[in-house]
Amino acid sequence: MRIAFLILFPILALFAGGLLYRLAYAYPRQSFGELLRPSCHACGVRLPMRYSIPVLGTILSGARCPACKEKRGVGSLLSEVIFALATFLLFFFYDLSFLFLVYLVAAALLLVLSLVDLDVKEVPHGFLLVLLLLGVLLFILSFFPKVSLSKILWWEHLVGAVAVSVPLFILMVVSGGGVGGGDVKLMFCLGLLLGYKLILLSFLFGIVLAAIFSVILIVIYGKNGKYALPLVPFLSVGAFIAMTVGETLLSLFF
Ligand SMILES: [Zn+2]
C-alpha cells in the first residue's frame, strides 16, 4: 500500500496540479471545457491532449502555443510542481492519515484560490464553501479526537474562525481598501479549520511574506502608482507552513 502510494502519488499529484491550474482558469470564466482539454490563454485555440501531460506537456510544446506562438505552460508547470511538493510535504508530516486527506484537499483549494486571485483578483465563494465544510468537519470530529487525530480542541476551532478574520474585517472597514472581503472570508474558513494558534501563525507568516515581497517590488519597480498586492497567495503559503511545521514551531516557543 505504502509502496504503491509512493510510486503513484507523485504522478497523480503532478496531474492534479495541472488540473487545478486549469480549474482556476475555467472557474471565473465558466468555461469548463478547459478541464478536459487545455486551451491557449492568448488565442483560445484548443491544444492537443498531450499538452495536458504534467511537466512533459510544457516541455514538449517548448512552453509556446503551436498556433499563435505566445508563451504558455509555465504557470501550469509551476502549479504541477508546487502541488506535487505540497503533497509530498503533507505525506511526510501526516503519513496516510485522515488529517493528511483533509489538509491535502485544503492545499488544493488554497492553490486554486491563489491562482484565481492572481488572475482576476477574486476569491470565489464556491471554493471558500468547500474550505468552510472541511473546517466544520474537523470541528465536529474534534469531539472524537481518536478519529480525527488532530490535537486541536473544539473551542480552538471556534476561536480560530474569528481570531484573525474579525480584526481583519475591522481593518478593512477602517482602512477602506488594501484588505479585501475575500481575504476576511478566507481567514474565517481557514481559522475554523486550523484553530486559533495555527491561524495566528499562518497570518503572521503570510503578512511577513507579503511585506518582504512588497519591499522587493518597490526596490525593482520604484514607488510609482498604487499596486494592490493580491493577499490570498501569501495567506495560503502562510497557512501551508502552519499546516506542516506549525505544531512543531509552537512547541518550541510555548
Ligand atoms: Zn495561442
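Within every chain, residues take consecutive numbers counted from 1 along the sequence as written. With pLDDT at 70 or above as the cut-off, local features in this predicted model cover only qualifying residues; side-chain atom pairs require 80 or more to be listed or tallied, and sums for whole chains, interfaces and linings still use all residues.

Caption draft 1: Geometry of the environment of I170. Numbering goes from the N terminus for both helices and strands, where a helix is a DSSP run of H or I of at least four residues and a strand is a run of E of at least two. Looking at the element boundaries, I170 is found in helix α9 (residues 165-175). Counts of 20 or more other C-beta atoms within 10 Å of a residue's own C-beta define buried residues, counts of 12 or fewer define exposed ones, and intermediate counts define partly exposed ones; C-beta atoms are placed from the backbone. Here I170 falls in the exposed class, since 12 other C-beta atoms lie within 10 Å of it. Linking I170 and V184, residues 14 residues apart in sequence, is a C-alpha distance of 9.7 Å.

Caption draft 2: Representation of the nonpolar core within the structure. Counting residues in each nonpolar core, the largest one holds 62 residues, and the members touching the most others are L20, A107, V112 and M187. Listed by contribution, the elements that provide at least two residues to this core are α1 (2-29), α4 (74-94), α5 (98-120), α6 (125-141), α8 (154-163), α10 (181-221) and α11 (232-253). Both domain 1 (1-81) and domain 2 (97-254) contribute no fewer than three residues apiece to this core. Contact criterion: two residues are in contact if their C-beta atoms, reconstructed from the backbone, are within 7 Å. Apart from the residues lying within four places of it in its own chain, the contact partners of V112 are L20, L23, A24 and F127. By definition, a nonpolar core groups buried Ala, Val, Leu, Ile, Met, Phe, Trp, Tyr and Cys residues that connect through C-beta atoms lying within 7 Å of each other. Where each domain starts and ends comes from a domain assignment, either automatic or drawn from a database.

Caption draft 3: Up close: the domain arrangement of the protein. By the assigned domains, the protein splits into domain 1 (1-81) and domain 2 (97-254). A separation of 26 Å is found between the C-alpha centroids of domain 1 and domain 2. The interface is formed by nine residues belonging to domain 1 together with nine residues belonging to domain 2. For the side of domain 1 that touches domain 2, the element with the highest residue contribution is α1, accounting for eight residues. By residue class, the composition of the side of domain 1 that touches domain 2 is eight nonpolar, one polar and no charged. As a working rule, the residues Ala, Val, Leu, Ile, Met, Phe, Trp, Tyr, Cys and Pro are called nonpolar, Asp, Glu, Lys and Arg charged, and the rest polar, with Gly in that last group.

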